Amino acid sequence: MIEVENLIKVYRRGKIEVIAIRDVSVTIKKGEFALLIGPSGSGKTTFLHLIGGIDRPTAGKIVVNGKNIVHFNDEELTEYRRKDVGMVFQFFNLLPILTAIENVMLPMEFAGVPRSERKKRALELLKKVGMEDRKDHYPDEMSGGEQQRVAIAVALANDPPLILADEPTGELDTETGLKIIELFKELNAEGETIIIATHDLRLKKYATRILEIRDGKITG
Ligand SMILES: Nc1ncnc2c1ncn2[C@@H]1O[C@H](COP(=O)(O)OP(=O)(O)OP(=O)(O)O)[C@@H](O)[C@H]1O
Ligand SMILES: [Mg+2]
């Protein structure tokens, strides 16, 4: 599903150069539950942003479902971000002025899904993450874990085959984090391919794959 070849990302600001990803080649198969584990500054977020089409690499190939996304123009990349990947971040990525259900409906609106269908699917997704009774609540009326569950529903809105999550349990207490982990486990059991960058070693027992990243290199 994902073939990364000789991936390099160099950040440049003035004379300072940071090599965040250094010649990484890795293949992730459909249905895998991969963990990206490594110390702070090792390149986890950068790697997810490159795979998710949020940032562009300096060199290398990222082939997702047969297409090299590195060659996509801005329009194709926007389309890719909208339909092919769902992103979950550490700090909850909900719009504060929208309710839970409106947040979940938004990516579908961008994808041109008719309103009645958007509403129906958003409700189904909120049910899936256990938040249907909070559908009309705004983000600041929900706990961190609840917001993160809604954020996962947002990521799933356009039914992407790939979910990327960056420290999704980082800001949550132990118990709440565990519920989010369970949710990812269920999604993976339903066939979703998942890559999670994390320091949370409780996720290890559900992973089909551990990718260790150190200083921009993936080992193992
Ligand atoms: N926009 C940027 N400009 C310059 N350097 C950057 C930029 N973004 C990241 N870096 C650098 O790239 C390297 C990798 O950063 P990245 O955020 O991918 O690490 P990380 O593994 O996600 O760390 P953490 O666990 O702290 O989130 C770091 O040295 C960081 O300082
Ligand atoms: Mg990071």
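On a predicted model such as this, the values are computed, not experimentally measured, just so you know.

Cut-offs and rules
- Residues numbered from 1 in each chain as written.
- Chains lettered and ligands numbered in written order.
- Predicted model: local features only at pLDDT ≥ 70, side-chain atom pairs only at ≥ 80, totals over all residues.
- Helix = DSSP H or I, 4+ residues; strand = E, 2+ residues; numbered from the N terminus.
- Rg over C-alpha atoms; globule rule 2.2 N^0.38 Å.
- Buried ≥ 20, exposed ≤ 12 C-beta atoms within 10 Å, placed from the backbone.
- Contact = placed C-beta atoms within 7 Å.
- Axes fitted to C-alpha atoms, helices over the stretch in contact; angles between N-to-C directions.
- Parallel < 35°, antiparallel > 145°, perpendicular 65-115°, else oblique.
- Left-handed = near helix turned anticlockwise from the far one by under 90°.
- Nonpolar A, V, L, I, M, F, W, Y, C, P; charged D, E, K, R; others polar.
- Core = buried A, V, L, I, M, F, W, Y, C linked by C-beta atoms within 7 Å.
- Pairing = 2+ DSSP bridges.

Visitor: Which residues make up the overall build of the protein chain, and what values do they have?
Guide: A tally of regular secondary structure across the protein chain gives six helices and ten strands. For 220 residues, the compact-globule formula gives about 17 Å, and the C-alpha radius of gyration of the protein chain, at 17 Å, lands near that figure. Projected onto its principal axes, the C-alpha coordinates of the protein chain cover approximately 50 × 40 × 35 Å. Counting all 220 residues of the protein chain, 39% fall into the buried class. Restricting the contact set of the protein chain to residue pairs at least 6 apart, pairs at least 24 apart contribute 70%.

Visitor: Tell me about unusual backbone geometry, and please be specific about residues and values.
Guide: Excluding glycine, most residues fall at negative phi; most peptide bonds, likewise, are trans. Despite not being glycine, N65 shows a phi value in the positive range, around 50°. Among the structural elements, N65 can be located in the loop between β4 (59–64) and β5 (67–68). Notably, E167 is not glycine yet its phi reads approximately 50°, a positive angle. One can find E167 in the loop between β7 (162–166) and α6 (174–189).

Visitor: I'd like a description of the packing of helix α3 (residues 100–110) against helix α4 (residues 115–128), backed by residues and values.
Guide: Where α3 contacts α4, the two axes come as close as 9 Å, and the packing angle between them is 125°. The pairing of α3 with α4 is recorded here as oblique in orientation. Two packed elements cross with a definite hand, and for α3 against α4 that hand is right-handed. Only R118, K119, R121, A122, L123, L125 and L126 of α4 make contact with α3, whose side of the interface consists of A100, I101, V104, M105, M108 and E109. Class assignment of the residues belonging to the contact of α3 with α4 gives a composition of nine nonpolar, no polar and four charged.

Visitor: Give a detailed account of the nonpolar core, specifying residues and quantitative values.
Guide: One finds L36, V104 and A153 to be the most contacted residues of the largest nonpolar core, which totals 59 residues. Per element, the largest residue contribution to this core is seven residues, and it comes from helix α5 (residues 144–156). Filtering out sequence-adjacent residues up to four positions away, V104 remains in contact with A122, L125, L126, V150, A153, V154 and A157.

Visitor: Can you lay out the sheet that holds strand β2 (residues 16–28) for me, pointing to particular residues and giving the numbers?
Guide: Backbone hydrogen bonds hold the strands of a sheet together, and the pairing may be parallel or antiparallel. Judged by pairing direction, the sheet is antiparallel, and its four strands sit side by side in the order β2-β1-β4-β5 without closing on themselves. Looking at the sheet topology across the chains shown, the edges are occupied by β2 and β5. Pairing of strand β1 (residues 2–13) with β4 involves five bridges; the strand directions are antiparallel. Of the residues in β4, the one forming a bridge with I8 is A59.

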